[in-house]
Amino acid sequence: GQQVKQSSPSLTVQEGGILILNCDYENDMFDYFAWYKKYPDNSPTLLISVRSNVDKREDGRFTVFLNKSGKHFSLHITASQPEDTAVYLCAAGMATGGNNKLTFGQGTVLSVIP
Amino acid sequence: DMKVTQMPRYLIKRMGENVLLECGQDMSHETMYWYRQDPGLGLQLIYISYDVDSNSEGDIPKGYRVSRKKREHFSLILDSAKTNQTSVYFCASSSPTGVNYAEQFFGPGTRLTVL
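**Q** In this structure, what is going on with the pairing of strand E4 (residues 31-38) of chain B? I would like to understand it.
**A** Looking along a regular strand, one sees the side chains alternate between the two faces of the sheet. Residue and element names in this part refer to chain B. In terms of burial, E4 is largely enclosed, as eight of its eight residues are buried. Alternating positions in E4 separate into two faces, Thr31, Tyr33, Tyr35 and Gln37 on one and Met32, Trp34, Arg36 and Asp38 on the other, with burial throughout. In this sheet, strand E9 (residues 87-94) lies alongside E4 in antiparallel orientation, the contact comprising seven bridges. Bridged to Tyr33 within E9 is Ala92. Across seven bridges, the pairing between E4 and strand E5 (residues 42-51) is antiparallel. Residue pairing for E5: Asp38 is matched across the bridge by Gly42.

Structure representation (structure tokens):
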């Protein structure tokens, strides 16, 4: 089964709006959580990541919230811009004693309308 | 300049033909990966390599094999390609000693079509 799941295949938001992308995971040994961004015909690149010793990490307009008890993490984007239009992939893995593997979600296609 | 390269970028093969996808990285990363991306399935791990000649199966290794004879190169081989192996293949690398230790750096992808 899918160990990391993104609940929304696609989202559309008006420019300037706030949006939330969600990700659920099954393996409670995961202690590293990340969001990757992918433009069409381009490679995924790391957007933001967080370890399980914190429940929030902010980087400019992007914030990751982690809810370990609920096995859920989310990406909040504020003041959305047309250049945020992309596919967003969540990923989770084991940092401690891990095997350098990340398990990716199916991706959410985000469209920001000017 | 930190970079992961993939060759070729586009490839069309017939069913039953052999396929060789090449990946290179210039960051001396120990760990390298091969993924495939299909609509609605995200990135699925085919193989992971922890260093030269130290390779492990990922989640979907059937129909694939890999070779890593130099740290900077990682090859994906399809012996007798099948139509269901039509996909976009991504190579990635990472280093457990990096600042963002689990960050994976991806290549541009290879779009493989098997007819």
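**Q** How should the state of the cysteines be read in this particular structure?
**A** Chemically, a disulfide is nothing more than a covalent bond linking the sulfur atoms of two cysteines. Residue and element names in this part refer to chain A. Counting across every chain of the model gives two disulfides over all chains. With a sulfur-sulfur separation of 1.9 Å, Cys23 is cross-linked through a disulfide to Cys90. Every disulfide takes its handedness from the sign of the S-S torsion; for Cys23 and Cys90 that torsion is 60°, giving right-handed. Placement of Cys23 in strand E3 (residues 19-25) and of Cys90 in strand E9 (residues 86-93) is noted, with a sequence separation of 67 residues between them. Taking the relative accessible area as the measure of exposure, Cys23 reaches 0% and is therefore buried. Overall, Cys90 belongs to the buried group, its relative accessible area being 0%.

**Q** Mind showing me how you'd approach the sheet that holds strand E8 (residues 72-77) of chain A here?
**A** All names here are of chain A. Spatially, five strands are ordered E1-E3-E8-E7-E6 in an open sheet, and the strand pairing comes out antiparallel. Sheet topology places strand E1 (4-6) and strand E6 (56-59) at the edges, where each strand pairs with a single neighbour. On average, each strand axis in the sheet is inclined to that of its neighbour by 15°, with strand direction left out of account. Judged from the three bridges that link them, E1 and E3 form a sheet pairing that is antiparallel. Across the sheet, Lys5 pairs through a bridge with Asp24, a residue of E3.

Cut-offs and rules
Residues numbered from 1 in each chain as written. Chains lettered and ligands numbered in written order. Predicted model: local features only at pLDDT ≥ 70, side-chain atom pairs only at ≥ 80, totals over all residues. Heavy atoms only, no water. Buried < 20%, exposed > 50% of the residue type's maximum accessible area, 1.4 Å probe, protein only. Helix = DSSP H or I, 4+ residues; strand = E, 2+ residues; numbered from the N terminus. Pairing = 2+ DSSP bridges. Disulfide = S-S within 2.5 Å. Axes fitted to C-alpha atoms, helices over the stretch in contact; angles between N-to-C directions.

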